[in-house]
Amino acid sequence: MTTTKVVLRFPPDLTDQPVTYNLIKEYDLMVNILRGHIIPKEEGMLVLEVTGKKKQLQRGMDYLAKIGVETQKLSKDIRWLKDLCTHCTACTSLCPTHALSVERDTMLVSFEKAECIACEMCVTVCPYSAMEVQF
Ligand code: SF4
Ligand code: SF4
């Protein structure tokens, strides 16, 4: 058995498809949804932990590619270095899952790790190196 963490990006026409159900039912995989961000009729993202036989895993990934779901292995994590953050908010409008958000009253930024899909956009944009990739 092999376990892998993978980020799935759905185009708008696939956000209401039973993709995880098919991975379980048709490809005999165990699927654990770690994080998700899906807005019907808009783009969606899911982070899945998928376990199964190597061959079945490959078949499942091939199925996703065939129907137009982009996949990317998740082998890293993102850390917010709070002490370095100046709450400049440069990252908050770019974060696709709103893992980084700003409290309007206080203008303080916070990081909700459970929502993060490790897309690294914040790492690229942060001028103070307050977002870090951990491998
Ligand atoms: S890596 Fe940064 S921008 Fe991407 S989801 Fe996580 S917090 Fe948001
Ligand atoms: S861009 Fe960097 S410094 Fe600015 S709010 Fe985001 S994490 Fe903090």
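Above this text you will find the structure in question.
Keep in mind that this is a model prediction, so the values were computed, not measured. (Residues numbered from 1 in each chain as written. Chains lettered and ligands numbered in written order. Predicted model: local features only at pLDDT ≥ 70, side-chain atom pairs only at ≥ 80, totals over all residues. Heavy atoms only, no water.)

## So, the side chain of Asn22
With respect to the helices and strands, the residue Asn22 is situated in helix α1 (residues 19-25). Since its relative accessible area comes to 18%, Asn22 is described here as buried. Aside from chain neighbours lying at most four places away, what touches Asn22 is Tyr27 and Tyr63. (Helix = DSSP H or I, 4+ residues; strand = E, 2+ residues; numbered from the N terminus. Buried < 20%, exposed > 50% of the residue type's maximum accessible area, 1.4 Å probe, protein only. Contact = heavy atoms within 4.5 Å.)

## A look at the sheet that holds strand β3 (residues 44-52)
With respect to topology, four strands assemble into an open sheet ordered β2-β3-β1-β4, the strand pairing being antiparallel. Each edge of the open sheet carries a strand with a single partner, namely β2 (30-38) and β4 (70-73). When strand polarity is set aside, the average angle formed by the axes of neighbouring strands in this sheet is 25°. Of the pairings in the sheet, the one linking β2 to β3 comprises eight bridges and is antiparallel in character. (Pairing = 2+ DSSP bridges. Axes fitted to C-alpha atoms, helices over the stretch in contact; angles between N-to-C directions.)

## Looking at the site of ligand 2
Near ligand 2, the surroundings consist of 14 residues, among which Cys85, Cys88, Thr89, Cys91 and Cys126 are the closest. Per-class residue counts for the shell around ligand 2 are 11 nonpolar, three polar and no charged. (Near = heavy atom within 4 Å. Nonpolar A, V, L, I, M, F, W, Y, C, P; charged D, E, K, R; others polar.)

## Some words on the site of ligand 1
In the vicinity of ligand 1, 13 residues are found, and the nearest of them are Cys95, Cys116, Cys119, Glu120 and Cys122. Along the lines of polarity and charge, the residues of the shell around ligand 1 split into 11 nonpolar, one polar and one charged.

## Side note on the pairing of strand β1 (residues 2-10)
As paired elements, β1 and β3 share nine bridges and run antiparallel to each other. Directly across from Arg9, in β3, lies its bridge partner Met45. With four bridges joining them, β1 and β4 adopt antiparallel strand pairing. Residue pairing for β4: Val7 is matched across the bridge by Gln72.

## Considering the pattern of salt bridges
According to the stated counting rule, one finds two salt bridges in the structure shown. The salt bridge involving Lys113 is made with Asp77; its shortest N-O contact spans 3.5 Å. Of the two residues, Lys113 sits in the loop between β7 (108-111) and α3 (121-125) while Asp77 sits in strand β5 (residues 77-80), which places them 36 residues apart along the sequence. Looking at Lys113, the relative accessible area reads 35%, which means it is partly exposed. (Salt bridge = Lys/Arg side-chain N within 4 Å of Asp/Glu carboxyl O.)

## Quick look at the pairing of strand β6 (residues 100-103)
Because side chains alternate across β6, one face comprises the buried residues Leu100 and Val102, and the other comprises Ser101 and Glu103, none of which is buried. Taken together, the four bridges between β6 and β7 define a ladder with antiparallel strand orientation. In the strand pairing of β7, Leu100 is matched with Phe111. Between β6 and the antiparallel strand that follows it, β7, lie four residues; Met107 among them carries a positive phi value of about 60°.

Taken by themselves, the reported measurements are silent on function.
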